[in-house]
Amino acid sequence: MTPQLLGQKPTRHGFGEGLVTLGERHSNVVVLGGDITGSVLTSMFKDKFPDRFFSIGIAEQNATTIATGLALSGKIPFFASYGAFCALRNADQLRISVAYNEANVKIGGGHAGISVGPDGATHQVLEEIAFLRTLPHMTLIVPADFEEARKATIAMGEMVGPAYIRFGRSPVPMFNTADSPFELGKAIQLTDGSDVALIACGSMVWECIRAAEELAKKGIKARVINVHTIKPFDVATVTAAARECGAIVTAEEHQVHAGLGGAVAEVTAKNAPVPIEFVGVKDSFGGSGEPEELMEYFGLTWKEVYASALVAMDRRDKGSSGTRAVRDVPQYTA
Amino acid sequence: MDIATKQSLDFNTTTFTNERREPAAFAAIANEIRRDIVRMLVRAGSGHSGGPLGSADIFAVLYFSGVMRYKPDNMQWPDRDRFVLSAGHMAPVMYAALANAGCYPKDEQATLRKYNTRLQGHPGRDMHLPGVETSSGSLGQGISIAVGMAMADKLLDRTDKRVFCLTGDGELQEGSVWEAAMSASHFKLDNFCWLIDNNDCQIDGRVPDVMNVYPIVDKCQSFGFDTIVVDGHDYADLLRGFDQFLANQAGGTGKPTAIIARTYMGHGVSFMNDKFEWHGKPPTQEQAIAALEELAQHP
């Protein structure tokens with residue numbers, strides 16, 4: 001039942017296609033552009049529904065609050081930009097105007113993670129999961145591939161309340177099909193296994209699938225879980241994984257602090273404390289380079305997941321959730 | 001405390017209708033709003049006195065001249081015009097206006113800033129006080145929300161609904177205010193009326209000393225607003241401003257309107273008048289009684 005590689009496509013294309021579907025289904029879906037419409041694919045909606053597209057220019061704070069005004073007028077506004085600008089630059093607007101108002105505002109945050117590539121650190125947002133998952137009323141989705149991004153976009157448009165979807169620039173492996181299950185807030189178990197749980201979101205889900213394949217060669221059965229919805233968090237699925245596997249690796253294209261790994265740690269610390277190893281960017285900024293070389297450099301590949309799984313299992317088997325030797329942490333240098 | 005003094009601290013049940021009036025007729029409404037502000041703040045023991053008192057005349061005309069169409073018994077009426085208080089700290093004056101319009105019981109004003117109140121320290125939409133269209137308090141955001149509302153009304157729903165928004169003048173230091181202003185004229189929102197309470201005071205001092213925002217008129221004009229300067233304590237002048245907004249909308253000028261209302265912080269209470277020190281504090285009981293006595297002399 002291991003998911004199969006079906007090709008490569010950026011998740012942002014799923015966002016763009018999902019928006020068009022929403023536009024066809026709902027006449028009150030409107031889209032705000034932040035000048036980079038071709039990059040975050042709101043251009044697809046703009047081309048099809050020009051009367052429901054508004055260019056706001058390079059003004060993310062204004063776009064976020066204009067979206068609030070539209071939402072408070074019965075519209076379903078989407079605003080998309082790069083996550084650095086539409087999750088963090090406008091953080092106060094998201095907090096007060098969107099979340100506190102429970103305004104039905106939808107944000108699409110592109111250029112997530114270091115797989116952005118050559119644009120470098122300023123545009124590689126690695127911190128927004130941490131912020132967004134602390135906002136009351138916010139729904140936060142991190143789809144793993146094109147098809148999941150498409151479904152998630154439609155789902156967030158058809159739910160009521162503030163929601164944010166995180167997507168990437170570069171092509172990532174596709175393994176979901178139109179028939180794959182997707183339900184907001186419900187994590188997806190992709191492989192069976194109770195030796196170790198590999199819990200991931202976004203582009204790291206596929207890396208976990210690959211790691212599970214490699215672990216299987218050693219007779220280790222890993223349970224891969226795709227937590228596409230970071231908030232609301234699927235406590236039951238993650239708690240069960242902790243209880244049944246006893247060791248966890250989290251993997252995300254985000255800072256290791258306060259992101260998916262943080263969410264898993266919070267939940268398991270309360271419900272089922274087990275050793276956890278965290279795969280992610282380790283308290284550093286990104287940098288320029290090709291996506292593949294950056295993912296390699298920052299330890300965001302199946303190899304890091306694989307190694308971390310062995311460490312987590314070792315900690316479990318030694319009956320201690322104590323510390324391991326601090327390994328060399330890759331630091332980016334120009 | 002004698003009975004008359006004690007009664008002056010209590011809320012009454014007087015309400016006012018929203019209709020075209022002679023300028024002089026707004027004085028009694030503004031006076032009642034001011035007294036309610038004092039009554040609210042002295043009970044709360046914290047909050048902003050200066051801005052609410054200084055803008056009471058603006059609110060008297062905004063809510064009680066017929067320029068803003070709403071139904072006090074149904075503030076969710078879909079065809080209503082909307083008001084957004086971008087300067088959220090001025091909540092007491094909006095709460096007093098809504099109470100005096102009959103949108104909610106006047107004695108509920110006594111709960112300002114108390115636990116579980118609908119009259120939150122800064123407006124909170126989650127508490128569902130009738131007439132509070134949005135939460136606000138982080139300056140510079142309300143005006144963008146108002147622009148979004150005006151876009152929905154004019155560009156998407158194609159109605160003649162109006163959106164009013166009040167910012168302070170210190171608030172103009174928030175850069176996003178000008179992002180909103182840019183988009184109001186970009187989208188030709190002649191259904192949008194921006195009120196600037198220009199009292200020249202903010203919490204740290206005089207506005208030009210803290211960070212100069214002048215010339216405000218030139219800025220508004222260059223951002224594409226039909227810009228009118230009025231005496232914010234002169235009802236005829238305020239009506240002139242609102243009438244020009246209505247004419248702009250009716251004429252389809254495609255230009256948003258900015259009404260810059262020159263006011264004095266704390267106006268109506270002589271010991272607060274034009275003193276920035278009264279931006280963010282309530283009166284003591286003695287000060288409240290003195291204020292109410294003074295206001296009672298000019299009903």
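The rules behind these values
Residues numbered from 1 in each chain as written. Chains lettered and ligands numbered in written order. Predicted model: local features only at pLDDT ≥ 70, side-chain atom pairs only at ≥ 80, totals over all residues. Heavy atoms only, no water. Helix = DSSP H or I, 4+ residues; strand = E, 2+ residues; numbered from the N terminus. Rg over C-alpha atoms; globule rule 2.2 N^0.38 Å. Buried < 20%, exposed > 50% of the residue type's maximum accessible area, 1.4 Å probe, protein only. Areas by Shrake-Rupley, 256 points an atom, 1.4 Å probe, with all protein chains shown as cover. Lys, Arg positive; Asp, Glu negative; His and termini not counted. Charge placed at Lys NZ, Arg CZ, Asp CG, Glu CD. Pairing = 2+ DSSP bridges. Right-handed = clockwise from strand over helix to strand, strands pointing away. Domains from an automatic or database assignment. Contact = heavy atoms within 4.5 Å. Buried area = accessible area lost by both parts, 1.4 Å probe. Salt bridge = Lys/Arg side-chain N within 4 Å of Asp/Glu carboxyl O. Polar contact = N/O pair within 3.5 Å; in protein donor to acceptor, adjacent residues only side chain to side chain. Axes fitted to C-alpha atoms, helices over the stretch in contact; angles between N-to-C directions. Parallel < 35°, antiparallel > 145°, perpendicular 65-115°, else oblique. Nonpolar A, V, L, I, M, F, W, Y, C, P; charged D, E, K, R; others polar. Left-handed = near helix turned anticlockwise from the far one by under 90°. Phe/Tyr/Trp six-rings, centres within 6.5 Å; stacked < 30°, edge-to-face > 60°. Lys NZ or Arg CZ within 6 Å of the ring centre and 35° of its normal.

With that settled, the discussion passes to the overall build of chain B. When helices and strands are tallied, chain B shows eleven helices and seven strands. In terms of overall dimensions, chain B is globule-like: its C-alpha atoms have a radius of gyration of 18 Å, near the 19 Å expected for 299 residues. Oriented by its inertia axes, the alpha-carbon framework of chain B measures out at about 60 × 45 × 40 Å. Out of the 299 residues in chain B, the part that is buried amounts to 60%. Surface exposure of chain B reaches about 10,900 Å², of which carbon and sulfur atoms provide 51%. A distance of 4 Å separates the average location of the 28 positive side-chain charges in chain B from that of its 37 negative side-chain charges.

Here we take up the pairing of strand 11 (residues 222-226) of chain A. Residue and element names in this part refer to chain A. When you tally the buried positions in strand 11, you get five out of five residues, the bulk of the element. Burial of the side chains of strand 11 extends over both faces: Ala222, Val224 and Asn226 are buried on one face and Arg223 and Ile225 on the other. Relative to strand 11, strand 10 (residues 196-200) runs parallel, the two sharing five bridges. Bridging from a neighbouring strand, Ile199 pairs with Ile225 of strand 11. At this point the chain moves from strand 10, through helix 9 (residues 204-217), to the parallel strand 11, and the crossover so formed is right-handed.

Further remarks concern the domain arrangement of chain A. Residues and elements named next belong to chain A. According to the domain assignment, chain A consists of domain 1 (8-173) and domain 2 (188-316). Computed from C-alpha atoms alone, the centre-to-centre distance between domain 1 and domain 2 is 25 Å. Across the boundary between the two partners, domain 1 contributes 33 residues, which contact 37 residues of domain 2. Each partner contributes to the roughly 2,400 Å² buried at the junction of domain 1 and domain 2, and carbon and sulfur atoms together form 59% of this total. The largest share of the area that domain 1 buries against domain 2 comes from Ile114, Leu126 and Arg133, three residues that together contribute 29% of it. There are one salt bridge connecting domain 1 and domain 2. In this structure, Arg133 engages Glu266 in a salt bridge whose closest nitrogen and oxygen atoms are separated by 2.7 Å. Joining domain 1 to domain 2, the criterion identifies 20 residue pairs in polar contact (both at pLDDT 80 or more). Contributing elements (two or more residues each) for the side of domain 1 that touches domain 2: helix 7 (128-132), strand 6 (139-141) and strand 8 (172-173). Element by element, the count of residues in the side of domain 1 that touches domain 2 is highest for helix 7, at four residues.

What follows covers the packing of helix 2 (residues 26-44) of chain B against helix 11 (residues 285-296) of chain B. Residues and elements named next belong to chain B. Look at helix 2 against helix 11: their axes get within 10 Å of each other, and the N-to-C directions meet at 170°. Here helix 2 lies roughly antiparallel to helix 11, going by the angle between them. Where helix 2 abuts helix 11, its residues Asn31, Arg34, Arg35, Val38, Arg39 and Val42 lie against Gln285, Ala288, Ala291, Leu292, Leu295 and Ala296. For the contact of helix 2 with helix 11, the class distribution of residues is seven nonpolar, two polar and three charged.

The next thing to look at is the pattern of salt bridges. Residue and element names in this part refer to chain B. Overall, the coordinates contain 33 salt bridges over all chains when judged by the stated rule. For Arg39, the salt bridge is made with Asp36, and the minimal N-O distance between the two is 2.9 Å. Taken together, the positions of Arg39 and Asp36, both in helix 2 and three residues apart, correspond to about one turn of that helix. A relative accessible area of 0% means that Asp36 is categorised as buried. Asp190 is the partner of Lys154 in a salt bridge, and the nearest nitrogen-oxygen pair spans 3.3 Å. Separated by 36 residues along the polypeptide, Lys154 in helix 6 (residues 142-156) and Asp190 in the loop between helix 7 (175-186) and strand 3 (192-198) bring together distant segments of the chain. Accessibility expressed as a relative area gives 5% for Asp190, which makes it buried.

Moving on to the packing of helix 10 (residues 235-245) of chain A against helix 11 (residues 260-271) of chain A. Residue and element names in this part refer to chain A. Viewed as axis vectors pointing N to C, helix 10 and helix 11 meet at an angle of 65°, and their least axial separation amounts to 10 Å. Crossing of helix 10 over helix 11 shows right-handed handedness. Here Val235, Val238, Thr239, Ala242 and Arg243 of helix 10 come into contact with helix 11, specifically with Val264, Val267, Thr268 and Asn271. When its residues are assigned to classes, the contact of helix 10 with helix 11 shows five nonpolar, three polar and one charged.

This part is about the packing of aromatic side chains. Any pair of aromatic rings gets described here by the distance separating the centres and the angle formed by the planes. Using the criterion set out here, one finds 22 aromatic pairs over all chains in the structure. Taken together, a centroid distance of 6.1 Å and an interplanar angle of 65° make the contact between Phe164(B) and Phe242(B) edge-to-face. Taken together, the positions of Phe164(B) in strand 2 (residues 163-168) and Phe242(B) in helix 10 (residues 235-250) put the pair 78 residues apart, joining distant regions of the chain. For the pair formed by Phe164(B) and Phe242(B), the shared burial category is buried. Centre to centre, the rings of Phe271(B) and Trp278(B) are 5.8 Å apart; their planes meet at 65°, and the pair counts as edge-to-face. Taking the ring centre of Phe49(A) as reference, the NZ or CZ of Arg52(A) above it sits at 4.4 Å. Lys281(B) extends its terminal NZ or CZ atom over the ring of Trp278(B), reaching a point 4.6 Å from the ring centre.

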